[in-house]
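# Analysis of the macromolecular model
Chain by chain, the residues run as shown.
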Amino acid sequence: MEIDGRNRVIIEGVTPEIDGGRFAAKRVAGDVVTVEADIFADGHDLISAVVRYRRPGESEWREQPMKALVNDRWRAEFALEMLGVYRFTIDAWIDHFLSWHGDLEKRVDAGQDVAVELLVGRAMIEAAASRAKGRDQKRLRSYLEDLDGEGSADERADALFDDDLVALMARNAERTFVTSLGRELPIEVDRLRAGFSSWYELFPRSTGKLGEHGSFATAADELPRIAAMGFDVVYLPPIHPIGTTHRKGVDNATAATAADVGSPWAIGSGAGGHRAIHPQLGTMDDFRSFRRRAEALGIEVALDIAFQASPDHPAVTEHQEWFQKRPDGTIRYAENPPKKYQDIYPFHFESDAWRTLWNELRDVFLHWAAEGVRIFRVDNPHTKPLPFWEWVIGEVKRAYPDAIFLAEAFTRPKIMYYLAKAGFSQSYTYFAWRNSKEELTDYFTELTTGGVSDFFRPNAWPNTPDILTEFLQYGGRPAFLMRLILAATLSANYGIYGPAFERFVGAAREAG
């Protein structure tokens with residue numbers, strides 16, 4: 001980039017800025033974003049600076065003046081009223097009029113002759129008047145008349161010590177040798193529920209009478225009770241058909257009985273895959289009815305999206321290129337040694353057919369979004385390529401800017417943070433394993449300082465279907481109450497795993 005040595009202003013230390021603008025800072029609609037930067041130059045000349053920003057879909061820049069704080073720190077604010085990606089940058093320049101104006105006042109106070117200085121100021125005001133229009137031009141010309149009038153130089157100078165003149169010149173003075181930040185920084189604006197939500201995890205199949213498989217109809221009967229407790233999101237684990245090949249039994253037993261219903265995360269059967277509904281839960285119309293009843297109670301339905309397949313998933317036969325084969329020709333099933341999940345085939349993201357796989361998985365989100373679902377809890381996103389999430393979330397949010405994504409990412413901090421930067425609206429946390437005051441203080445200090453809060457929104461869960469900490473196992477009812485209060489007050493987003501938590505179920509079961 002060619003350098004103009006007359007650009008004297010330096011801009012650095014901009015906030016909010018995530019990885020140099022590579023990723024967007026996150027806010028919710030209705031927020032006022034505070035932009036700050038270190039802005040300075042050589043010498044004693046005064047500086048002016050503005051934040052220029054564009055709302056989603058706009059091509060023209062809006063502008064907000066920055067104000068000097070202390071130690072060369074500057075600040076401006078602007079309101080975020082629309083969903084989507086705002087972009088901002090910063091311009092700063094030596095403000096020759098402000099510098100002249102400040103020096104003029106000092107000279108007058110010191111009793112110096114300012115006749116020549118008035119000629120310098122007059123030239124700047126006349127140039128601004130030639131650029132101005134309407135009322136601004138008339139007001140500037142009135143100041144020129146004052147300068148050209150009778151009276152001593154001091155008397156004519158007194159007419160210039162006016163805030164109105166300073167404002168007029170700020171709007172119309174020529175900006176020379178402007179230093180621009182040189183990059184546009186994004187701010188992604190989500191709807192309010194991305195920042196403030198309370199989740200209730202509900203297995204519809206567990207809502208039937210004892211010994212009977214539940215359905216959307218029986219699950220809908222639970223909604224008034226859930227709403228009365230103040231939850232505004234009901235999260236359903238996978239509602240798709242469940243495979244029968246290598247179906248697991250109770251406690252992950254490798255041999256299932258005819259009565260075993262299988263894991264909802266073993267997705268796909270002859271009844272369909274990720275866009276289909278398990279027949280025992282009901283039809284698509286039944287799901288729509290469940291969603292409408294929830295929404296009438298002020299609750300949104302969130303769906304679990306787990307990108308994996310049972311051996312019976314239609315894609316296994318129709319798109320074998322999406323799966324990895326072992327040397328004996330069989331498809332590799334999921335493993336987390338020494339655990340084996342023979343009922344689940346992971347998608348092979350290093351396949352030569354990765355592009356068609358990406359498109360298909362995107363279309364799964366779009367299918368359910370078209371059915372009115374705008375909140376997705378994504379299963380184990382840290383086990384899929386990180387660039388995929390950045391792409392697919394961007395694709396979905398271009399079509400549905402109100403979509404919200406929760407990352408079930410119990411993984412290393414840097415990966416959790418990258419997933420948030422890549423687009424996830426919220427993330428699970430280590431809250432369940434932080435028990436002492438010191439642990440909780442340190443952890444939530446980490447999540448709310450150092451710039452992390454600009455992109456990472458924690459969602460605190462005391463328990464999930466597969467997490468029952470020792471604190472809950474042995475703490476009894478007080479432990480459940482304590483953890484719920486902590487989750488709901490330490491984080492603006494929190495959730496519980498349904499009736500088990502309400503009934504203080506703390507008995508652990510050994511895995512098979």
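As a starting point, this report considers the structure included with it. (Residues numbered from 1 in each chain as written. Predicted model: local features only at pLDDT ≥ 70, side-chain atom pairs only at ≥ 80, totals over all residues. Heavy atoms only, no water.)

## Focus on the sheet that holds strand E11 (residues 197–201)
Selection criterion: When DSSP finds two or more bridges between two strands, those strands count as paired. Helical segments are the DSSP runs of H or I of at least four residues, strand segments are the runs of E of at least two, and each set is numbered from the N terminus. Comment: axis = line fitted to C-alpha atoms, over the contacting stretch for helices; angle = value between 0 and 180 degrees taken between N-to-C directions.
Taken in spatial order, the eight strands close into a barrel running E11-E12-E13-E18-E19-E20-E21-E22, and their pairing is parallel. For this sheet, the mean inter-axis angle between neighbouring strands, taken without regard to orientation, is 30°. Summarising the sheet, strand E18 (residues 375–379) and strand E19 (residues 404–408) pair through five bridges and their orientation is parallel. Across the sheet, the residue bridging to Ile375 is Ile404, located in E19.

## Observations concerning the packing of helix H2 (residues 115–131) against helix H3 (residues 134–148)
For clarity, the cut-off: In what follows, roughly perpendicular refers to angles from 65 to 115 degrees, roughly parallel to angles under 35, roughly antiparallel to angles over 145, and oblique to any angle outside these ranges. Crossing handedness follows the turn of the near helix against the far one: under a right angle anticlockwise gives a left-handed crossing, and clockwise gives a right-handed one. Any two residues whose heavy atoms approach within 4.5 Å at even a single point are treated as in contact. Note on residue categories: nonpolar means Ala, Val, Leu, Ile, Met, Phe, Trp, Tyr, Cys or Pro, charged means Asp, Glu, Lys or Arg, and polar means any other residue, Gly included.
Running from N to C, H2 and H3 point in directions that differ by 155°, and their axes come no closer than 9 Å. For the element pair H2 / H3, the angle class is roughly antiparallel. Two packed elements cross with a definite hand, and for H2 against H3 that hand is left-handed. Residues Leu118, Arg122, Ile125, Glu126, Ala128, Ala129 and Ser130 of H2 pack against Gln137, Leu140, Arg141, Leu144, Leu147 and Asp148 of H3. Of the residues in the contact of H2 with H3, the class split is seven nonpolar, two polar and four charged.

## A few points about the sheet that holds strand E1 (residues 10–15)
Strands in a sheet are paired, the pairing made by backbone hydrogen bonds, and the direction either parallel or antiparallel. Here we have four strands laid out as an open sheet, ordered E1-E3-E7-E6, and antiparallel in their pairing. Of all strands in the sheet, those with a lone pairing partner are E1 and strand E6 (67–68), marking the two edges.

## Side note on a negative patch on the surface
Heads up, the condition is: Here, patches come from residues exposed beyond 30% relative accessible area and free of salt bridges, joined within 9 Å for like charges and within 5 Å for nonpolar side chains (Val, Leu, Ile, Met, Phe, Trp, Tyr). Note on areas: these come from Shrake-Rupley sampling with a 1.4 Å probe, and a residue is covered only by the protein chains present in the view. Here a salt bridge means any side-chain nitrogen of Lys or Arg lying within 4 Å of a carboxyl oxygen belonging to Asp or Glu. Within this scheme the basic residues Lys and Arg register as positive and the acidic residues Asp and Glu register as negative, but His and the chain ends are omitted. The location of each charge is read from NZ of Lys, CZ of Arg, CG of Asp or CD of Glu.
Negative charge collects at one region of the surface, where Asp113, Asp154, Glu155 and Asp158 lie side by side. As for its position among the elements, Glu155 is in helix H4 (residues 153–158).

## Quick notes on the pattern of salt bridges
All chains considered together, the criterion is met by 41 salt bridges. Between Asp4 and Arg6 there is a salt bridge, with its nearest N and O atoms 3.1 Å apart. The closest approach of N and O atoms between Lys421 and Asp19, which form a salt bridge, is 3.0 Å. One end of the pair, Lys421, is in helix H13 (residues 413–422); the other, Asp19, is in the loop between E1 and strand E2 (25–28), and 402 residues separate them in sequence.

## Observations regarding unusual backbone geometry
Operational definition: For the exposure calls, accessible area comes from a 1.4 Å probe over protein chains only, and a residue counts as buried if that area is under 20% of its type's maximum, exposed if over 50%, partly exposed in between.
Along the chain, Thr15 connects to Pro16 via a cis peptide bond; the corresponding omega equals -5°. Mapping Pro16 onto the fold places it in the loop between E1 and E2. Cis peptide bonds are those with omega within 30 degrees of zero, and the linkage from Pro337 to Pro338 qualifies with 10°. Of note, Pro338 is situated in the loop between strand E15 (334–336) and strand E16 (339–341). Positive phi values are uncommon outside glycine, yet Asp72 reaches one of about 65°. On the secondary structure map, Asp72 appears in the loop between E6 and strand E7 (73–79). The phi torsion at Phe504 lies on the positive side, around 55°, for a residue other than glycine. Within the secondary structure, Phe504 sits in the segment after helix H16 (498–502). Judged by its relative accessible area of 28%, Phe504 is partly exposed.

## Some remarks on empty space enclosed by the protein
Rules: Using only the protein atoms, space was sampled on a 1 Å grid; points where a 1.4 Å probe fits but cannot get out form cavities, open sets with protein on both sides within 12 Å along at least five of seven lines form pockets, and lining residues are those with an atom within 4 Å of a point. Grid points are joined across faces, edges and corners, and a volume is the space filled by probe spheres set on the points.
Evaluated as defined, the whole model comprises one cavity of 30 Å³ or more. Around the largest cavity, the lining residues are Phe203, Pro204, Arg205, His213, Pro237, Pro238, Ile239, His240, Ile242, Pro264, His278 and Leu281. Classifying every residue of the lining of the largest cavity by side-chain character gives eight nonpolar, three polar and one charged.

## Notes on helix H1 (residues 96–109)
Note the cut-off: Each helix should span, by expectation, one fewer than its residue count multiplied by 1.5 Å. Throughout this description, a polar contact denotes any pair of N or O atoms lying within 3.5 Å of each other; where both atoms belong to protein, one of them has to be capable of donating a hydrogen while the other can accept it, and for residues adjacent in sequence the pair is counted only when both atoms sit in side chains.
With 14 residues, H1 extends 20 Å from end C-alpha to end C-alpha; this agrees with the ideal 20 Å at 1.5 Å per step. Taken residue by residue, H1 has Phe97, Ser99, Trp100, His101, Leu104 and Val108 as its buried positions. Where H1 is buried, its residues meet H2, H4 and helix H5 (163–172). Its side-chain oxygen placed 3.2 Å from the backbone nitrogen of Phe97, Asp95 serves as the N-cap of H1.

## Thoughts on the packing of aromatic side chains
Put simply, the rule reads: Any Phe, Tyr or Trp ring, taking Trp's six-membered ring, that has another such ring centre within 6.5 Å forms a pair; planes under 30 degrees apart are called stacked, those over 60 apart edge-to-face, and the others tilted.
Taken as a whole and judged by the stated rule, the model has 40 aromatic pairs. Seen in terms of ring centroids, Phe410 and Tyr428 are 5.1 Å apart; in terms of plane orientation they differ by 80°. Their pairing is edge-to-face. Taken together, the residues span a long stretch of sequence, with Phe410 in the loop between E19 and H13 and Tyr428 in strand E20 (residues 426–428) at a distance of 18 residues. Ring plane angle 10° and centroid distance 5.3 Å describe the contact between Tyr428 and Trp461, whose orientation is recorded as stacked. Remark: Trp461 occurs in the loop between strand E21 (458–460) and helix H15 (470–490) and Tyr428 occurs in strand E20; sequence separation between them is 33 residues.

## Side note on the pairing of E18
Most of E18 sits inside the fold, with five of its five residues counted as buried. Alternating positions in E18 separate into two faces, Ile375, Arg377 and Asp379 on one and Phe376 and Val378 on the other, with burial throughout.

## A word on H3
Taking 1.5 Å of rise per residue, 15 residues should cover 21 Å, and H3 covers 21 Å from first to last C-alpha, within 8% of that figure. Along H3, the residues classified as buried are Asp136, Leu140, Ser142, Tyr143, Leu144 and Leu147. The inward-facing, buried residues of H3 abut H2, H4 and H5.

## Examining the packing of helix H12 (residues 386–399) against H13
For the pair H12 and H13, interaxial distance at closest approach is 9 Å and the crossing angle is 25°. When the interaxial angle is binned, H12 and H13 end up roughly parallel. Judged by the sense of rotation from one axis to the other, the crossing of H12 with H13 is right-handed. For the pair formed by H12 and H13, the contact residues are Leu386, Trp389 and Glu390 on the first element and Ile415, Tyr418, Leu419 and Ala422 on the second. Partitioned by chemical class, the residues of the contact of H12 with H13 number six nonpolar, no polar and one charged.

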